[in-house]
Amino acid sequence: MHSAQIDTQIIAHSRVAKNYYLLTLEVPLLFKEAQPGQFVHIKIDDSGDPLLRRPLSIHRLMPARSKSNQLLLNVLYELKGRGTKLLSQKRTGEHLNILGPLGKGFNLEPKEKSERTNIIVAGGAGVAPLYFLASKLAQDKKNKNEIVVLIGAGTAAKILAEKEFKSLGGEVVLATDDGTSGYKGKVTKLFEKVLAKKDAKRTSVYACGPQAMLTEISKICIIKRIPLQVSLEEFMGCGLGACLGCAIETKSGYQRVCHEGPVFDARDI
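In this text, all values refer to a predicted model and were calculated from it rather than measured experimentally.

Here we look at the pattern of salt bridges
- In total, this model carries nine salt bridges according to the counting rule given.
- The residue K90 makes a salt bridge to D45 at a minimum N-O spacing of 3.6 Å. Within this pair, whereas K90 is found in the loop between α1 (82–88) and β7 (95–102), its partner D45 is found in the loop between β3 (39–43) and β4 (54–57), the two being separated by 45 residues in sequence.
- The partly exposed category is assigned to D45, whose relative accessible area is 29%.
- Measuring nitrogen to oxygen at the nearest pair gives 3.2 Å for the salt bridge that ties K80 to E233. One end of the pair, K80, is in the loop between β6 (70–78) and α1; the other, E233, is in the loop between β13 (228–231) and β14 (247–250), and 153 residues separate them in sequence.

Here we look at the side chain of T24
- Its location among the elements puts T24 in strand β2 (residues 20–28).
- T24 sits in the buried class, given a relative accessible area of 9%.
- Here T24 is in contact with Q9, I10, I11, A12, L72, L73 and N74, once residues within four sequence places are set aside.

Considerations on the pairing of β3
- Among the five residues in β3, four count as buried, and that is most of the element.
- Relative to β4, β3 runs antiparallel, the two being bridged by four bridges. Paired with I42 across the strands is R54, a residue of β4.
- In this structure, β3 lies alongside β7, joined through four bridges in antiparallel fashion. Bridge pairing in β7 links K43 to N97.

Structural notes on the nonpolar core
- If you look at the biggest cluster of nonpolar residues, it comprises 31 residues, and the most contacted ones within it are I119, V121, L150, F191, V205 and I217.
- Those elements giving two or more residues to this core turn out to be β7, β8 (116–123), β9 (145–153), α4 (187–195), β12 (203–208), α5 (211–224) and β13.
- Beyond its immediate stretch of four places on either side in the chain, V205 contacts I119, V121, F191, I217, C221, I226, P227, L228 and Q229.
- One finds A122, L133, A134 and V172 within the second-largest nonpolar core, a separate group that totals 27 residues.

Looking at the environment of V121
- Take V121: it is sitting in strand β8.
- Remark: the alpha-carbon pair of V121 and I151, spanning 30 residues in sequence, is separated by 6.1 Å.
- For V121, the contacting residues outside a window of four places in its chain are L130, L150, V187, F191, V205, Y206, A207, C208, M213 and I217.

Re the packing of α4 against α5
- Following both chains from N to C, one finds α4 and α5 inclined at 20°, their axes separated by 9 Å at the closest point. As far as their axial angle goes, α5 and α4 are roughly parallel. Crossing handedness for the pair α4 and α5: right-handed. Mapping the contact onto sequence places V187, T188, F191, E192 and L195 in α4 and M213, E216, I217, I220, C221 and K224 in α5.
- Residues of the contact of α4 with α5, tallied by class, amount to seven nonpolar, one polar and three charged.

Things to note about the packing of aromatic side chains
- Under the counting rule described, the total for this entry stands at three aromatic pairs.
- With a centroid separation of 5.8 Å and an interplanar angle of 80°, the aromatic rings of F106 and Y206 are classed as edge-to-face. On the criterion of sequence distance, the pair formed by F106 in the loop between β7 and β8 and Y206 in strand β12 is long-range, its members being 100 residues apart. Comparing F106 with Y206 shows no difference in burial state: the two are buried.

Some thoughts on the sheet that holds strand β10 (residues 171–176)
- Read across the sheet, seven strands follow the order β11-β10-β9-β8-β12-β13-β16 without closing on themselves; strand pairing throughout is mixed. Looking at strand neighbours, the two that pair on one side only are β11 (183–184) and β16 (263–265), the edges of this open sheet.
- Relative to β10, β9 is paired through six bridges, and the arrangement is parallel. Within β10, the position partnered with G152 by the bridge is A175.
- The sheet strands contacting helix α2 (residues 127–139) are β8, β9, β12 and β13, and the helix crosses β8 at an angle near 160°.
- Where α4 meets the sheet, it contacts β8, β9, β10, β11 and β12, and its direction lies at approximately 155° from that of β9.

Rules behind the numbers
- Along each chain, numbering runs from 1 in the same order as the chain's sequence is written.
- Given that the model is predicted, a residue must reach a pLDDT of at least 70 before its local features are reported, and side-chain atom pairs must reach 80 or more before they are shown or counted; all residues, however, enter totals for whole chains, interfaces and linings.
- Calculation of side-chain values draws on the structure's entire complement of heavy atoms; hydrogens and water are dropped beforehand.
- Think of a salt bridge as a Lys or Arg side-chain nitrogen and an Asp or Glu carboxyl oxygen that are within 4 Å of each other.
- Each helix is a run of H or I in the DSSP string that is no shorter than four residues. Each strand is a run of E no shorter than two, and both are numbered from the N terminus.
- Relative accessibility decides the category of a residue: with a 1.4 Å probe and only protein chains considered, values under 20% of the type maximum give buried, values over 50% give exposed, and everything between is partly exposed.
- By definition, residues are in contact when any of their heavy atoms lie within 4.5 Å.
- When DSSP finds two or more bridges between a pair of strands, those strands are recorded as paired.
- Definition used in this section: a nonpolar core is a set of buried Ala, Val, Leu, Ile, Met, Phe, Trp, Tyr and Cys residues joined via side-chain atoms within 4.5 Å.
- Fitted lines through C-alpha atoms serve as axes, helices being fitted only where they are in contact, and the angles separating the N-to-C directions of these axes extend from 0 to 180 degrees.
- Each angle is binned into one of four classes, with values under 35 degrees roughly parallel, values over 145 roughly antiparallel, values of 65 to 115 roughly perpendicular, and all other values oblique.
- In this scheme, a crossing is called left-handed if the near helix is turned counterclockwise away from the far one by less than a right angle; it is called right-handed if the turn is clockwise.
- Three classes are used: nonpolar for Ala, Val, Leu, Ile, Met, Phe, Trp, Tyr, Cys and Pro, charged for Asp, Glu, Lys and Arg, and polar for all others, with Gly counted as polar.
- Pairs were defined over the aromatic rings of Phe, Tyr and Trp, the Trp ring being its six-membered one, requiring ring centres within 6.5 Å. Orientation was assigned from the angle between planes: stacked under 30 degrees, edge-to-face over 60, tilted for the rest.

Following this line, the structure appears as structure tokens:
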């Protein structure tokens, strides 16, 4: 699909949890073809400081109520460094320059047109691309999709997008390290418990989160021969595949997270 460099207006911007922000931008209809897992590359300031753009996953796309030729795009991001700190200070009405949609998203075409269980595993800010994914699965009327969303965080205050996922009609289960909400322990352990109750042959798994979480889930899925797609985070320069700054080693050689990813089949990495 096509991507473009666009000047967008900030429609809303708010803190949704400690160090987490939800940004809403007005974007053209070309984003209607965006895939879950794709991202936008945001220029923080016209001064060129910071120099590099920041890649942020597409969290949600909605029609703009007042403009039929526009969409509203949500990005959910964590305040990590100077770039995202400067971004968090942007206000409604200001403009941002973005590149997008970029990257390769999730493949949602099942090998068999039959009833399937889709388990979505989100760790921390990993919920960012996965709500868009869950909404697409929920809209699929051709296949009987059971959707189970597992959200993990250190404590209840850091659980993100719980209400949004529940609004899609699927099952949402929480895991917190300290036990303040849902299952007490790592979301990977919760995943094992949920998976044990499912038919592995009719299950697909999608995940985004810390590297340790993705590694553990990948091991489980490979042993049980369950298809797993993971969305990776990596430092990016250009976001277009030219600078090779985000290349990772895969079984097929080095591949660029911004171009061949950020979504990969876990068996390939």
